[in-house]
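The residues making up each chain are set out below.
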Number of protein chains: 2
Amino acid sequence: MLDVRRLRLLRDLSHLGTIAAVAEAHTYTPSAVSQQLAALQRQAGVALLERAGRRVTLTPTGEALVRHAEVVLAALEAADATVAAARGGLSGTVRIGAYPSAVRTLLLPALVALGRDHPALDLMVTELDPVAVPDALRDRRLDVALVHDYDIVPVEPDPALDSVPLLDETVYLAVGTDRHHTGDPMRSVRDADWIVGSPGTLCHAVTLHACELAGFRPTVRHHADDFTAVLALVAAGQGVGLVPQLALGRPSTGVALVPLTIRRRTRIAYRQGAGGHPAVAASVAALRAAARDLPGEHSAGS
Amino acid sequence: MLDVRRLRLLRDLSHLGTIAAVAEAHTYTPSAVSQQLAALQRQAGVALLERAGRRVTLTPTGEALVRHAEVVLAALEAADATVAAARGGLSGTVRIGAYPSAVRTLLLPALVALGRDHPALDLMVTELDPVAVPDALRDRRLDVALVHDYDIVPVEPDPALDSVPLLDETVYLAVGTDRHHTGDPMRSVRDADWIVGSPGTLCHAVTLHACELAGFRPTVRHHADDFTAVLALVAAGQGVGLVPQLALGRPSTGVALVPLTIRRRTRIAYRQGAGGHPAVAASVAALRAAARDLPGEHSAGS
DNA sequence: CGAATACGTAAGCTGAACTGATGCTTGACG
DNA sequence: CGTCAAGCATCAGTTCAGCTTACGTATTCG
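Computed from a predicted model, the values in this text were never measured in an experiment.

Cut-off values and rules
- Within any chain, residue numbers begin from 1 and follow the written order of that chain's sequence.
- Each chain is given a letter, starting from A, and each ligand a number, starting from 1, according to the order in which they appear as written.
- Given that the model is predicted, a residue must reach a pLDDT of at least 70 before its local features are reported, and side-chain atom pairs must reach 80 or more before they are shown or counted; all residues, however, enter totals for whole chains, interfaces and linings.
- As a convention, hydrogens and water are excluded, and side-chain values are obtained from all of the structure's heavy atoms.
- UniProt positions are given in the numbering used here, feature names are shortened, and annotations may be inferred rather than shown by experiment.
- Helix and strand definitions here come from DSSP, where helices need a minimum of 4 consecutive H or I residues and strands a minimum of 2 consecutive E residues; each element is numbered from the N-terminal end.
- Only protein atoms enter the 1 Å grid used here, on which a cavity is any set of points holding a 1.4 Å probe that cannot leave and a pocket is any open set flanked by protein within 12 Å on both sides along at least five of seven lines; residues with an atom within 4 Å of a point are listed as lining.
- Grid points are joined across faces, edges and corners, and a volume is the space filled by probe spheres set on the points.
- Neighbouring residues are identified by heavy atoms, a residue being near a molecule or strand if any of them is within 4 Å of it.
- Each polar contact in these results corresponds to two N or O atoms within 3.5 Å; when the atoms are within protein, one needs to be able to donate a hydrogen and the other to accept it, and residues that are neighboring in sequence are counted only if both atoms are side-chain atoms.
- Any residue outside Ala, Val, Leu, Ile, Met, Phe, Trp, Tyr, Cys, Pro, Asp, Glu, Lys and Arg is labelled polar, Gly included; the first ten of those are nonpolar and the last four are charged.
- Only residues with pLDDT of at least 70 in both copies count here: their C-alpha atoms drive the least-squares fit that superposes the copies.
- Expected helix span is computed as 1.5 Å times (number of residues minus one).
- A residue's bend is the angle separating two fitted axes: one through the seven residues that end there, the other through the seven that start there.
- Each residue's exposure class comes from its accessible area (1.4 Å probe, protein chains only) as a fraction of the maximum for that residue type: buried when under 20%, exposed when over 50%, partly exposed otherwise.
- Axes here refer to lines fitted to C-alpha atoms; in helices the fit is confined to the stretch in contact. Angles between the N-to-C directions go from 0 to 180 degrees.
- Roughly parallel here means an angle under 35 degrees, roughly antiparallel means over 145, roughly perpendicular means 65 to 115, and every remaining angle is called oblique.
- By convention the crossing between two helices is left-handed if the near helix lies anticlockwise of the far one by an angle smaller than a right angle, and right-handed if it lies clockwise.
- Throughout, a contact is declared for two residues whenever any of their heavy atoms are within 4.5 Å.
- Two aromatic rings from Phe, Tyr or Trp, using only the six-membered ring of Trp, form a pair when their centres are within 6.5 Å; if the ring planes differ by under 30 degrees the pair is stacked, by over 60 it is edge-to-face, and anything between is tilted.
- Strands pair, by our definition, only if DSSP identifies at least two bridges between them.
- The crossover handedness rule: strands pointing away from the viewer, path from first strand over the helix to second strand clockwise, crossover right-handed.
- Values labelled buried area give the accessible surface lost by two parts on being combined, using a 1.4 Å probe and summing over both.
- Only one rule defines a salt bridge in this text: a Lys or Arg side-chain nitrogen within 4 Å of an Asp or Glu carboxyl oxygen.

1. Concerning the UniProt feature "domain: HTH lysR-type" (unreviewed entry) in chain A
- Here, the residues flagged by UniProt with the feature "domain: HTH lysR-type" (unreviewed entry) are residues 2-59 of chain A.
- In this annotation, residues 2-59 of chain A is assigned 62% helix and 14% strand; the end-to-end C-alpha distance for the span is 17 Å.

Given below as structure tokens:
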């Protein structure tokens, strides 16, 4: 019978890529991880990983074993959820992660409601980019997280995670009011200066991709992750940028917002099997309620 | 994250009933099992078991946790199966359990075929009553086993085990040729002396139940588990008994066999998730082939 | 009302597993 | 092409989880 802790290391290795990263995620030394994975292979009697340059990659058998590990870990997570439910009385710590604009708009009312309804719950919020969410959930640095993707840059679901849809919003092109646009809004700003997110973030990726679809490479002038900053820059005539509906506060002067066909889809994610955990379920419910009460119309899937 | 070894102890406790039995099954001392279960409860933060007289019983939460444990263990079993398949070349030990009459008729040809086709396979056969099979499979004393039940005494499937149907046979009432029977064969022997299996075995239970359905309690004279012995006793005029089709060798003189509506159903059982194990799959295939080649007509389910 | 059975606790010991040090290979950079 | 850093493996040393043994307590049975 294979050891679950070792299977977990193997699974994390398949996502993180290096033994050093796995070690850091588990607060072990790389040596310990290396020894445990060696022991796993010895027990399995098959090669599960092989050196590839100065890193290691999983063999096909290793990858197959990872898929089994996901099932095992999801079942253990579900077991955890049932004992938590049996413990009764929502208590303990829930660590929630979200992207910046969601913290202000969605998470805040949900937090207030959760704190009011379940005073024994310790709520911790972390602001982080959606691309970092899967690792954070897997490594148990987060329990619940808001993630999003764009229809033109879909993110394939992670086998270790489960999620439910929350929002579906329009993405706007923010341009200075002096600009006159005709026809396809994207094509009319092909020569403008662009304000995009930091490289490596999803916002950055989606802007580049949208421009690519419109047939040009944007001239990147400014990098800004905070959408209110983006709007301020646009109002100051510093360029154009993409802004999702949720990030729009009160209407800003000097900025024209042109709706695009691009849509941003927000989901609530958690570890496979954790959906039955009472604290997770309560958080999901509170977030859905907050989304429902959001000003303006947002459609959410089931 | 709950410990799998401890969950396994909890699951085994739910089947075996006492900590002492669990300890014996794992070749631990009762003290070790007690300590581990205490640690599991401490970790869970809920009562999982409670004293009931001088034994312990599971709380509803404990039972719920057992169901999760079954899932976890099945997934680990499946993981084991894939590494075994990746190891390639059928090898290792397969411990097969069967009830006595199956050993002679079904298992023998299957063993010969398996040994011929996969010489690296170490085959071990154990003869045991079907009622002992689930525990033996769970405790890993067996890997594959033939079990049966009767339509009038159905055995509910064990959540820790998986199985495929193999045979479906007629059960005969064996009576001396001197006896003249008319009408319902069971009612005609209500006053006869009965030859039944040892108490605690399935054969014993089914005979009593069949008589009960016919409206009487049998006068038990002899106990015999070997059906050839039963037939010899019947031929010697010592009484009557139930004999399934598979147990009938060459026709015996002095014995009349009256077919009843009772049917005995034989299945191949193994641990949940072990179906993908190459050695288990090969054993199942060999047993099904042996059943197909059996003289006489036997119908097997899918 | 002993005797046996079953579970729990305390003390002690063994081995699994982690840390830290060392060495080897690979890839990047000047 | 030499140097350096990154990354993994191995070895020795140490710690702690978990086992056994011994003993105590509660319950059932004869």
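2. Side note on the layout of surface pockets
- When its volume is computed, the second largest pocket comes out at roughly 530 Å³.
- Every residue lining the second largest pocket is counted, 20 residues in all, and those nearest its centre are Pro134(B), Val155(B), Glu156(B), Pro157(B) and Asp158(B).

3. Considering the protein's contact with DNA strand D
- Taken together, 21 residues lie near DNA strand D, and Ile19(A), Ser34(A), Arg5(B), Arg6(B) and Thr29(B) sit nearest.
- Those atoms of DNA strand D that come within 4 Å of the protein belong to sugar or phosphate at a rate of 68%.
- Within the contact set of DNA strand D, a phosphate oxygen lies 2.9 Å away from a backbone nitrogen or oxygen of Ala20(A).
- The separation between a base oxygen of DNA strand D and a polar side-chain atom of Ser31(A) is 3.0 Å.
- For the surface near DNA strand D, the secondary-structure elements that each account for two or more residues are helix H2 (19-26), helix H3 (30-44) and strand S2 (55-58) of chain A together with helix H1 (4-16) and helix H3 (30-44) of chain B.
- Looking at which element gives the most residues to the surface near DNA strand D, the answer is H3(B), with 4 residues.

4. Some points on empty space enclosed by the protein
- All chains considered together, the criterion is met by 6 cavities of 30 Å³ or more.
- Taken as a whole, the largest cavity spans an internal volume of roughly 120 Å³.
- Lining the largest cavity, in full, are Arg8(A), Arg11(A), Glu70(A), Leu73(A), Ala74(A), Glu77(A), Arg138(A), Arg140(A), Ala160(A), Arg271(A), Gln272(A) and Met1(B).
- Residue assignment for the lining of the largest cavity shows that the elements contributing at least two residues are helix H1 (4-16) and helix H4 (60-87) of chain A.
- Broken down by element, the lining of the largest cavity gets its largest block of residues, 4 residues, from H4(A).
- Looking at the lining of the largest cavity residue by residue, the classes come out as 4 nonpolar, 1 polar and 7 charged.

5. Section: the relation of the copies chain A and chain B
- The transform that puts chain A on chain B rotates by 180 degrees and translates by 0.0 Å along the axis, for an RMSD of 0.1 Å. Such a combination of rotation and displacement between the chain copies is what one expects of a two-fold axis. Closest to the rotation axis within chain A is the C-alpha of Val72(A), separated from it by 2.6 Å.

6. Comments concerning helix H5 (residues 100-117) of chain A
All names here are of chain A.
- Over its 18 residues, H5 runs 25 Å from end to end, which matches the ideal 26 Å to within 8%, given 1.5 Å per residue.
- For H5, the principal kink sits at Leu107 and spans about 50 degrees; a proline, Pro109, occurs within the next four residues.
- Those residues of H5 that sit buried are Ser101, Ala102, Val103, Leu106, Leu107, Ala110, Ala113 and Leu114.

7. Here's the deal with the protein's contact with DNA strand C
- What surrounds DNA strand C is a group of 21 residues, the closest being Arg5(A), Arg6(A), Thr29(A), Ser31(A) and Ile19(B).
- Across the atoms of DNA strand C situated within 4 Å of the protein, the share located in sugar and phosphate is 71%.
- The contact in question runs from a phosphate oxygen of DNA strand C to an N or O atom on the backbone of Ala20(B), over 2.9 Å.
- Side-chain polar atom of Arg51(B) to a sugar or linking oxygen of DNA strand C: 3.3 Å apart, as the coordinates give it.
- Of all elements in the fold, only H1 and H3 of chain A together with helix H2 (19-25), H3 and strand S2 (55-58) of chain B reach the threshold of two or more residues within the surface near DNA strand C.
- The dominant element in the surface near DNA strand C, judged by the number of residues it contributes, is H3(A), at 4 residues.
- Class assignment of the residues belonging to the surface near DNA strand C gives a composition of 5 nonpolar, 10 polar and 6 charged.

8. Observations regarding the packing of H1(A) against H3(A)
All names here are of chain A.
- Here H1 crosses H3 at 110 degrees, and the two axes come no closer than 9 Å. As judged from the angle between their axes, H1 and H3 are roughly perpendicular. Of the two elements, H1 crosses H3, and the hand of that crossing is left-handed. For the pair H1 and H3, the contacting residues are Arg6, Leu7, Leu9, Leu10 and Leu13 in the first and Gln36, Leu37, Ala39, Leu40 and Gln43 in the second.
- Of the residues that constitute the contact of H1 with H3, the class distribution is 7 nonpolar, 2 polar and 1 charged.

9. Observations concerning the side chain of His204(B)
- Residue position: His204(B) is located in helix H7 (residues 202-214).
- Judged by its relative accessible area of 14%, His204(B) falls in the buried class.

10. Observations regarding the packing of H2(A) against H3(A)
Residue and element names in this part refer to chain A.
- Closest axis-to-axis distance for the H2/H3 pair is 8 Å, and the angle between their directions is 110 degrees. For the element pair H2 / H3, the angle class is roughly perpendicular. Contacts between H2 and H3 pair Ile19, Ala20, Val22 and Ala23 from the former with Pro30, Val33, Ser34 and Leu37 from the latter.
- In the contact of H2 with H3, the residues fall into 7 nonpolar, 1 polar and no charged.

11. Some words on the packing of aromatic side chains
Residue and element names in this part refer to chain B.
- By the definition in use, this model includes 2 aromatic pairs over all chains.
- Relative to Phe216, the ring of Trp194 lies with its centre 6.3 Å away and its plane at 40 degrees, an arrangement referred to as tilted. On the criterion of sequence distance, the pair formed by Trp194 in strand S7 (residues 193-196) and Phe216 in the loop between H7 and strand S8 (219-223) is long-range, its members being 22 residues apart. The pair formed by Trp194 and Phe216 is uniform in burial state, with each residue classed as buried.

12. Points about the pairing of strand S3 (residues 92-98) of chain B
Residues and elements named next belong to chain B.
- Bridging between S3 and strand S4 (residues 121-127) involves 7 bridges; their strand directions are parallel. By the bridge assignment for S4, Gly92 is matched with Leu121.
- Handedness of the crossover is the feature at issue here: the chain leaves S3, passes through helix H5 (residues 100-117), returns alongside S4, and the resulting connection is right-handed.
- Summarising the sheet, S3 and strand S5 (residues 144-150) pair through 2 bridges and their orientation is parallel. Among the inter-strand pairings, Ile96 is bridged to a residue of S5, identified as Val144.

13. A few points about the interface of chain A and chain B
- Counting residues at the interface gives 25 residues for chain A and 25 residues for chain B.
- By the criterion of area lost to chain B, the three top residues of chain A are Met1(A), His68(A) and Leu76(A), representing 28% of everything that side buries.
- Counting every contact that joins chain A to chain B gives 0 salt bridges.
- Where the side of chain A that touches chain B is concerned, the elements lending two or more residues are H1, H3 and H4 of chain A.
- Sorting elements by how many residues they give to the side of chain A that touches chain B places H4(A) first, with 16 residues.
- Considering only residue class, the side of chain A that touches chain B consists of 16 nonpolar, 5 polar and 4 charged.

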